[in-house]
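Residue-level listing of the chains:
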Amino acid sequence: DQQVKQNSPSLSVQEGRISILNCDYTNSMFDYFLWYKKYPAEGPTFLISISSIKDKNEDGRFTVFLNKSAKHLSLHIVPSQPGDSAVYFCAADGGYQKVTFGTGTKLQVIP
Amino acid sequence: DTAVSQTPKYLVTQMGNDKSIKCEQNLGHDTMYWYKQDSKKFLKIMFSYNNKELIINETVPNRFSPKSPDKAHLNLHINSLELGDSAVYFCASSQVVGVGADTQYFGPGTRLTVL
């Protein structure tokens, strides 16, 4: 049972435009959500997080939106840059140090 | 300095063999994890240790045995390797702060190939 889903395995965006990566979850007990970025042959690195009591968190070019009623979150990258090309994992923290990851979305930013 | 390191980076071995993957973190974190990323790219938690104590064991076969000699190290030993064990294994660490998301720091991964 996959509790965190990223239904788009890949996304291509032109440099300078907005990238929107989506994530859906099923467990209403998740209280924090995180996005990780992964380059080939490296481990995932933390990007941004959001608490379930908020609906938006911003950090520079990255903004995460949370819609609790729809059990949906999204990561917006504006403007997109070629260096943003990577796999992005959505993750949900249900407490007790257990984080559930989605399957990832491969973003390609075209110069 | 590498925050979370794993050795080896690549491991190719025959079915039935026993192998170990080592992980070390120099961040002073209390909690360490092992994840498996399979061919479908699904990143799934296997174990977590907090101060050398097992916290999470996610229905992993008994052939997998984590060992934490101290809180900076969490090694993964795998007995009787099977073809389905082929995957990339990631070690991670975090500092449990009680409030907020516990950001995890990942190692570079170990690609295990079982022939």
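Residues numbered from 1 in each chain as written. Chains lettered and ligands numbered in written order. Predicted model: local features only at pLDDT ≥ 70, side-chain atom pairs only at ≥ 80, totals over all residues. Heavy atoms only, no water.

1. Some words on the nonpolar core
In terms of nonpolar packing, the biggest core is built from 23 residues, with A:Phe33, A:Trp35, A:Leu73, A:Leu75 and A:Tyr88 touching the most fellow members. At the level of secondary structure, the elements contributing two or more residues to this core comprise β3 (19-25), β4 (32-38), β5 (45-51), β7 (62-67), β8 (72-77), β9 (86-93) and β11 (105-110) of chain A. Among the elements that take part in this core, β9(A) stands out by supplying four residues, more than any other. By size, the runner-up hydrophobic cluster in this structure holds 20 residues, among which are B:Val4, B:Met32, B:Phe64 and B:Ala87. (Core = buried A, V, L, I, M, F, W, Y, C linked by side-chain atoms within 4.5 Å. Buried < 20%, exposed > 50% of the residue type's maximum accessible area, 1.4 Å probe, protein only. Helix = DSSP H or I, 4+ residues; strand = E, 2+ residues; numbered from the N terminus.)

2. Some details on the packing of aromatic side chains
Aromatic ring pairs: the centre-centre distance and the angle between the two ring planes describe each pair. Per the counting criterion, the structure on display carries 13 aromatic pairs over all chains. Plain terms: the ring middles of A:Phe89 and A:Phe101 are 6.4 Å apart, the flat faces sit at 80° to each other, and that makes the pair edge-to-face. Remark: A:Phe101 occurs in strand β10 (residues 99-101) and A:Phe89 occurs in strand β9; sequence separation between them is 12 residues. Take A:Phe89: its relative accessible area is 1%, and that puts it in the buried class. Overall, A:Phe101 belongs to the buried group, its relative accessible area being 1%. Ring geometry for B:Phe64 against B:Tyr89: centres 6.4 Å apart, planes inclined by 35°, an arrangement best described as tilted. (Phe/Tyr/Trp six-rings, centres within 6.5 Å; stacked < 30°, edge-to-face > 60°.)

3. As for the interface of chain B and chain A
Each partner contributes to the interface: chain B provides 24 residues, whereas chain A provides 20 residues. With both chains or domains summed, chain B and chain A bury close to 1700 Å², and 62% of this area falls on carbon and sulfur atoms. For the interface between chain B and chain A, the tally reads one salt bridge. One salt bridge connects B:Glu58 with A:Lys98, and the closest N-O pair in it is separated by 3.2 Å. Put simply, the parts of the chain that give the side of chain B that touches chain A at least two residues each are β4 (31-37), β5 (43-50) and β6 (53-57) of chain B. Considering each element in turn, the side of chain B that touches chain A owes the most residues, four residues, to β4(B). (Contact = heavy atoms within 4.5 Å. Buried area = accessible area lost by both parts, 1.4 Å probe. Salt bridge = Lys/Arg side-chain N within 4 Å of Asp/Glu carboxyl O.)

4. What about the state of the cysteines?
Residues and elements named next belong to chain A. Under the defined criterion, the tally for this structure stands at two disulfides over all chains. A sulfur-sulfur distance of 2.0 Å marks the disulfide that ties Cys23 to Cys90. For the disulfide bridge between Cys23 and Cys90, the dihedral angle about the S-S bond is near -70°, and by the sign convention the bridge is left-handed. You can see Cys23 sitting in strand β3 and its partner Cys90 sitting in strand β9, a full 67 residues away along the chain. Using a relative accessible area of 0% as the deciding quantity, one classes Cys23 as buried. (Disulfide = S-S within 2.5 Å.)

5. Quick notes on the sheet that holds β7(A)
Residues and elements named next belong to chain A. One open sheet holds the five strands; their spatial order is β1-β3-β8-β7-β6, and the pairing between them is antiparallel. Lying at the two open borders of the sheet, with one neighbouring strand each, are β1 (4-5) and β6 (56-59). Two elements, β1 and β3, share two bridges in a ladder whose sense is antiparallel. Bridging across to β3, Lys5 finds its partner in Asp24. (Pairing = 2+ DSSP bridges.)

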